[in-house]
Protein chains: 2
Amino acid sequence: MEFVENKVGRMVPTYIEGIGALKPFNGIFDTDIEGRKHSSLLSKATPSDQKLLNSIGEAIEKTGLRDGMTISFHHHLRNGDHVLMMVVEEIARMGIKDITICASSLTNAHEGLVAHIKSGVVTGLHTSGLRGNIAKEITTNCILPKPVIFRTHGGRARAIESGDVKIDVAFIAASCCDDMGNMNGKLGKSAFGAMGYPMVDAQYADKVVAITDNLVPYPAYPISIPQTLVDYVVVVEEIGDPALISAGATRVTNNPVELLIAEYASDVLIQSGLVKEGFSFQAGSGGASLAVAKYLRDYMKANNIVGGFASGGATSYLVELLEEGLFRTLLDTQTFDAKAATSFIKNENHIEMSASMYANPHNKGCVANKLDIMILSATEVDVNYNVNVMTASTGVIMGAQGGHPDTAAGAKLTVVVAPLMRKRIPIVVDEVTTIVTPGETVDVVVTERGIAVNPKNTELLAKLKAMNLPVMTIEELRDLAESFTGKPEKVEFGDKIVGIIEYRDGTVMDVIRNVIK
Amino acid sequence: MEFVENKVGRMVPTYIEGIGALKPFNGIFDTDIEGRKHSSLLSKATPSDQKLLNSIGEAIEKTGLRDGMTISFHHHLRNGDHVLMMVVEEIARMGIKDITICASSLTNAHEGLVAHIKSGVVTGLHTSGLRGNIAKEITTNCILPKPVIFRTHGGRARAIESGDVKIDVAFIAASCCDDMGNMNGKLGKSAFGAMGYPMVDAQYADKVVAITDNLVPYPAYPISIPQTLVDYVVVVEEIGDPALISAGATRVTNNPVELLIAEYASDVLIQSGLVKEGFSFQAGSGGASLAVAKYLRDYMKANNIVGGFASGGATSYLVELLEEGLFRTLLDTQTFDAKAATSFIKNENHIEMSASMYANPHNKGCVANKLDIMILSATEVDVNYNVNVMTASTGVIMGAQGGHPDTAAGAKLTVVVAPLMRKRIPIVVDEVTTIVTPGETVDVVVTERGIAVNPKNTELLAKLKAMNLPVMTIEELRDLAESFTGKPEKVEFGDKIVGIIEYRDGTVMDVIRNVIK
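- In the annotation of an unreviewed UniProt entry, the entry for chain A reads Citrate lyase alpha chain, and the organism field reads Anaerosolibacter carboniphilus.
- Under Subcellular location (unreviewed entry), UniProt gives the following word-for-word description of chain A: "Cytoplasm".

See below:
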């Protein structure tokens, strides 16, 4: 295997058997693009065609799914998803092998994949993230023959549109669907909200199967994915467990460290001058990140500021800002909690968007590019402002790229919020275990002990220094962290590449190697 | 030029210089399909990109529009459209020649094209229809070097998706648009309703320019066409003349002949057994066609029948049925009048659909295929039930394919309503001047004097005969018409092909030849 050093200093392979040629990361907007998008098969439909099938097995047969193919799923049903495992179990039962799963992400609901990987039914995984036992088995026992390809939400849309990933069959869970395949995730007992991820799959996959537990009279509406893109419809008893699909309203943290970080972060935002009429805002998941909205709200109210849009990952936090009139609109690719799902049903200014519209760098303009402010969490951040949200200090995979690199690249101001340490493990370090988001897209790192400003932001640095805020260099933050925790122990990695961190433009940002126990 | 006889007995060319190879019509669902859809160019966008340009001229430059290219427009602004002529005039000013215009249709607003055709700026026209002076100049003076390609609404979507037509630049008029190109036709002073036609263009054109007179703060919503598909945005003073865009509510006819035809037609529908819970319905434009809804309403109310959907071309007629709860939904690709436009704004069950979803035979299923009942007008209908809606008895082009062949092919029951004669010209004839909709897709012809049932519908024929309805053979209707009017004079056609009637599947149904004055 040949390796080259990429722009963030990581040695990355140029070719991997079973995956193909790889390009090293070369700067955030520096990959040249040419040619045309991928496209789906031409097809023909007559009035007598029936899309309704009796079972997932029948759908697998009719689509011609066979050994070596790539199938796709979305994770809008989160930990409650039944669909991915139902399909994979049927595939296994039918004796089909060597399947690559291209999922928008994988959750606890998919632990059962371990057995199907071990038996050779599943030999490839593309996902935003991985946690739990699958992640552990892959990182430490190397059960998957090919490395997992980790993509950002925008990068997944890009890969599908460009044909880097060719989906043979997309299986799309829908909480509301008709017999022609018009569908949404808004209505029904298993409602999950926006359908941003499979909106892309449906358009580019050769075959599309809708799987629903709520077949409604034709036409189902609103229409998130139209009948023109759907080959078959299968009705099952339950596409998911409603209790696990929707996690109740996200609660504001009462952790004093997180609240302090959030308060500092909101001070940074305000000083940046970007919090003004018509501005746009997104906050990733994580207590401190979400809590920023609370402080921002007070400031916006006091100063009569109304933002243009908030985007996400729609949480109850953002919905409250929308409902109070503090943002005109909420652009939503994935609805996180029950309150957000209710908002999505009732508010026309709570707008569904595809993952491509959200964050794909290779279309004609994504929402991430219009962001003024992005608040992001971090598992680790290093002295070059590179961020890791993928691997634990043990080296084991336990996170997801999500929209992290997408929004960091797009936003005018990207603020990473993180505690200086977690359970005596330093968060600000010399070098992150895995680079997910490159430092050139991170503007500020806010911890409870100090704030570091990426030196490229000279103006903001001066402003913050003039305030009564604990501004430090990133090296000072690292030293401070280490003064409490000591130098972290090095993880012992093996030689095998178990994961590829693909940047949103399709280049390789980093690789994850197996961990020696 | 070589000719072959197609399935409806017309001699059609197999090749035309400047257009290419042509396939003869071979039966309504008998064209084999293979390969992949066309696709747009891959592109790249960064946060600093600006889509807002200062003028149409700048947009023409930036898109790289040059001699020989194909540009597209939609006709949702009807007789009020300013956009097509603004763009063509700018193209002419810039010295660009040999342009093909692929419009969803052309109206009175485009009479100015005559000069640009004569000067060689425009050398190709693809449209649903043509009327007035352009039509006359093309039919009698042969001003266009290549025949006009007439497509159905579904066929246009098909041609664009398949790549039969490659649109270099789509110019899309939007009554509400933001600086990234998110747009709709729902809001703004020039609101026109659904945007069904350009939804297709935007997805497949290499470059897309939004032209608006109502630039709103980002994000514009609801989003009919998303920013991901739009390259540039140009603001102009007026995209159209509001008085001509929206024609006020369509009025119910009070012509006694049309009312009688409508009453007979509704009797046919009721006898067919298709007017039942959950049924679907569409009526084309034309007095008798629209009046059917009035009679249908009374029957539905009296029998407590609620239909699943009405579709169109949304008119005030259909909107009234929706608002009275007689149909659950209205699927709308083009909003015809002011009342329908208001409904589109306020009713969530008045649903926008693309022209592909409406009627494209080569996607995974269109709405036309789900229609139970379709009511259609006719300029002529012949003893083989073939329908002409394109050429007058003078041989001059004066109509549009619209969704006529699409819905006739899709619907379970297609009823053509027409007076037996118009101004002493017979409507039921031996052979129509131009075949637009093949007779095998027409079930019944209803005139004020008699009803003819296509002999393939033996069951319906028996039912209608059992009623007190004036059932005749189509030949008897023709004879009756001729007994009033005499045999129609033959038009003297020349040798030049000025128009091609492309069936929805891309095959040639008929050709239109020049008329010798």
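1. Quick look at the relation of the copies chain A and chain B
Thought 1: Between chain A and chain B, the superposition needs a rotation of 180° and an axial shift of 0.0 Å, giving an RMSD of 0.0 Å. Such a turn and shift between the copies fits a two-fold axis. Across chain A, the smallest distance between a C-alpha and the rotation axis is recorded for A:S39, namely 2.9 Å.
Thought 2: Most of the interface of chain A is mirrored in chain B, where 100% of its interface residues are also at the interface.

2. What to know about the packing of helix α9 (residues 287–302) of chain A against helix α10 (residues 316–323) of chain A
All names here are of chain A.
Thought 1: Where α9 contacts α10, the two axes come as close as 9 Å, and the packing angle between them is 20°. What the angle tells us is that α9 and α10 run roughly parallel. Helix-helix and strand crossings are classified by hand; for α9 and α10 the assignment is left-handed. Residues L290, A291, A293 and R297 of α9 form the contact with α10, whose own contacting residues are Y317, E320 and L321.
Thought 2: Of the residues belonging to the contact of α9 with α10, the class tally is five nonpolar, no polar and two charged.

3. Looking at the sheet that holds strand β25 (residues 428–429) of chain B
Residues and elements named next belong to chain B.
Thought 1: With mixed pairing, the three strands of this open sheet are ordered in space as β21-β20-β25. If you trace the sheet from one side to the other, it starts and ends with β21 (387–388) and β25, each paired once.
Thought 2: Where strand β20 (residues 380–382) lies against β21, two bridges are found, and the strand directions are antiparallel. If you follow E380 over to β21, its bridge partner there is N388.

4. Some remarks on the packing of aromatic side chains
Thought 1: A complete count under the given rule lists 10 aromatic pairs over all chains for this structure.
Thought 2: Ring geometry for B:F281 versus B:F327: centroids 6.2 Å apart, planes at 20°, classification stacked. On the criterion of sequence distance, the pair formed by B:F281 in strand β15 (residues 280–283) and B:F327 in strand β17 (residues 327–335) is long-range, its members being 46 residues apart.
Thought 3: An aromatic cluster of three or more residues is present, and its members are A:F279, A:F281 and A:F327.
Thought 4: The ring of A:F344 carries A:K186 above its face, with NZ or CZ at 4.4 Å from the centroid.
Thought 5: One cation-aromatic arrangement involves A:K370 over B:Y218; the distance from NZ or CZ to the ring centre is 4.7 Å.

5. Section: the interface of chain A and chain B
Thought 1: Opposite the 61 residues of chain A that make contact, chain B presents 61 residues.
Thought 2: Each partner contributes to the roughly 5400 Å² buried at the junction of chain A and chain B, and carbon and sulfur atoms together form 57% of this total.
Thought 3: Considering only the side of chain A, the residues that lose the most area to chain B are A:R36, A:L42 and A:K364, jointly responsible for 17% of the buried surface there.
Thought 4: Seen at the junction of chain A and chain B, the total is six salt bridges.
Thought 5: Between B:D179 and A:K370 there is a salt bridge; the shortest N-O distance is 3.0 Å.
Thought 6: The tally of links between chain A and chain B comes to 38 residue pairs in polar contact (both at pLDDT 80 or more).
Thought 7: Residue assignment for the side of chain A that touches chain B shows that the elements contributing at least two residues are β13 (207–212), β16 (307–314), β17 (327–335), α12 (355–359) and α13 (404–410) of chain A.

The rules we used
Residues numbered from 1 in each chain as written. Chains lettered and ligands numbered in written order. Predicted model: local features only at pLDDT ≥ 70, side-chain atom pairs only at ≥ 80, totals over all residues. Heavy atoms only, no water. UniProt positions renumbered as here; feature names shortened; annotations may be inferred. Least-squares fit on C-alpha atoms with pLDDT ≥ 70 in both. Contact = heavy atoms within 4.5 Å. Axes fitted to C-alpha atoms, helices over the stretch in contact; angles between N-to-C directions. Helix = DSSP H or I, 4+ residues; strand = E, 2+ residues; numbered from the N terminus. Parallel < 35°, antiparallel > 145°, perpendicular 65-115°, else oblique. Left-handed = near helix turned anticlockwise from the far one by under 90°. Nonpolar A, V, L, I, M, F, W, Y, C, P; charged D, E, K, R; others polar. Pairing = 2+ DSSP bridges. Phe/Tyr/Trp six-rings, centres within 6.5 Å; stacked < 30°, edge-to-face > 60°. Lys NZ or Arg CZ within 6 Å of the ring centre and 35° of its normal. Buried area = accessible area lost by both parts, 1.4 Å probe. Salt bridge = Lys/Arg side-chain N within 4 Å of Asp/Glu carboxyl O. Polar contact = N/O pair within 3.5 Å; in protein donor to acceptor, adjacent residues only side chain to side chain.

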